[in-house]
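Here is how the chains run, residue by residue.
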Amino acid sequence: MLRRAAPTAAALCRRAVSTSPSPSPTAAATAAASSSAVNSILLRSLKEHYLEVSKMAPPPKTSPPKPFTIVKGALDQASGPVLRREYGDAGEEISISVGRLANILPPDADSDSDGAGGDDGLSASISQLLLHVDISKPGTGKSLQFLCGLYPDAIGIHSVCLRSKDAELLEGNKASKPDGEYRGRIFQELDEKIRDSLHLYIEARGINEKLFPFLQAWLYVKDHRNLIRWFKSVGTVISEPKP
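In the nomenclature of an unreviewed UniProt entry, the chain corresponds to Mitochondrial glycoprotein from the organism Urochloa decumbens.

*Asks:* Looking at this model, I keep getting lost on the pattern of salt bridges. Mind explaining?
*Replies:* Two side chains carrying opposite charge are able to pair once their charged atoms lie near each other. One pass over the full model with this rule turns up four salt bridges. Arg 100 serves as the salt-bridge partner of Asp 223, at 2.2 Å between the closest nitrogen and oxygen. One end of the pair, Asp 223, is in helix 4 (residues 212–239); the other, Arg 100, is in strand 3 (residues 92–100), with 123 residues separating them in the sequence. According to the relative accessible area criterion, Asp 223 is partly exposed, its value standing at 23%. A salt bridge links Glu 189 to Arg 185; its shortest N-O distance comes to 3.5 Å. Residue Arg 185 is classed as partly exposed on the basis of its relative accessible area, which comes to 46%.

*Asks:* For this particular structure, what's the right way to read the environment of Leu 75?
*Replies:* As for its placement among the helices and strands, Leu 75 is situated in the loop between strand 1 (69–70) and strand 2 (83–87). Here the alpha-carbon distance between Leu 75 and Leu 219, two residues 144 residues apart in the chain, equals 8.7 Å. Contact partners of Leu 75, with chain neighbours within four places excluded, come to Trp 218, Val 221, Lys 222 and Arg 225.

*Asks:* Where do I start with helix 3 (residues 192–204) in this structure?
*Replies:* Side chains three or four residues apart in an α-helix point the same way, a direct result of the helix having 3.6 residues per turn. The terminal C-alpha atoms of helix 3 lie 18 Å apart, and with 13 residues this matches the ideal 18 Å at 1.5 Å per residue to within 8%. The set of residues buried in helix 3 consists of Arg 195, Leu 198, His 199 and Ile 202. Projected onto a plane normal to the axis of helix 3, the buried residues spread over an arc of 100° and lie on a single side. In helix 3, the exposed positions angled more than 90 degrees off the buried face are occupied by Lys 193 and Leu 200.

*Asks:* Please explain the side chain of His 132 as it appears in this structure.
*Replies:* Mapped onto the elements, His 132 comes out in strand 4 (residues 129–136). Of the residues examined, His 132 reaches a relative accessible area of 17% and is grouped as buried. Polar contacts involving the side chain of His 132 include one to the side chain of Gln 145, which spans 3.2 Å.

What counts and how
In this convention, every chain numbers its residues from 1, walking through the sequence in written order. Residue-level local features of this predicted model are given only where pLDDT is at least 70; pairs of side-chain atoms are given and counted only at 80 or more, and the full residue set underlies all totals for whole chains, interfaces and linings. Side-chain measures here rest on the full set of heavy atoms in the structure, leaving out hydrogens and waters. Salt bridges are identified by distance alone: a Lys or Arg side-chain nitrogen within 4 Å of an Asp or Glu carboxyl oxygen. Only DSSP runs of H or I covering at least 4 residues are called helices, and only runs of E covering at least 2 are called strands; the numbering of each starts at the N terminus. Throughout this description, buried means an accessible area under 20% of the type-specific maximum (1.4 Å probe, protein chains only), exposed means over 50%, and partly exposed covers the range between. The criterion used for residue contact is that any of the two residues' heavy atoms lie within 4.5 Å. How far a helix is expected to stretch is found by multiplying one less than its residue total by 1.5 Å. Note: the arc covers the axis-to-C-beta directions of the helix. The definition of a polar contact used here is a pair of N or O atoms within 3.5 Å, where within protein one atom must be able to donate a hydrogen and the other to accept one, and adjacent residues in sequence count solely through side-chain atom pairs.

Structure (C-alpha cells):
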C-alpha cells in the first residue's frame, strides 16, 4: 500500500505564506474609513452630551455663612481648601475642604439614602458630604484635623488627629503611621464625653449643618465644570490628526 508522504513543517510554512492574503491598499483604506467612522460617532456623542450638560441650570447662588470666606481659585484646583475663617482672640486659622462622602464609603453603605436633590439635578451622593477641617494657631507647626460627614440636618466626626500643617490628608482611621508619629485613638473608641466635647468644639467654630447649602452647590458647580472640561479634552484627543 502506498502512503503519501506528510508535508514537512517548512513546506507548510511556505504554503501558508504563499496562500495568505497580503495587505492591500484597499484593505488599509477600508480600515482607515472604519476607524474614521467610529471616531465620528464618538465625537458626535460627546458633542451631544456636552451640549446637554451645558444647558443644565446651575443651583441657586448662595453664600457661605459669615465669617467664612471662599478661597480664591478653589473651583479651578483639583483639591484644597474651599472656605477659610479666623476664630477667637488667638486668631485660630480654620480651613475647610469638601468632597463626596460616597468616595470613602463602601458601595452599599448608606443604602437608605433619601436621594435628596433629584429635582434640581443634584445626585444623591452630593447630599452626603465629606469635610476635611484644619484648625491651627499662628506660630505653631501643628494643626488639629477633623474628617466629618456633613448632611442637610447634621454633622458627624469620623476621625480627629493632631498633625503637622503640611501633612497630607489622613486616610482611614489608623492611629499610627509607619513614620512612628502617634495620631491618637480611633474616634469611636474615645470616651463619649470627649466625643461630645469635640463636637461642641467644632460647632463653636461654625462647623455645622449651616455650611451644607453652600458646599453642596459649590461641589455641584465644580463637578459640572470638571465634566465640561473632560468632554472638551476627550474630543480634542480623538479629533487630533494621527501621525
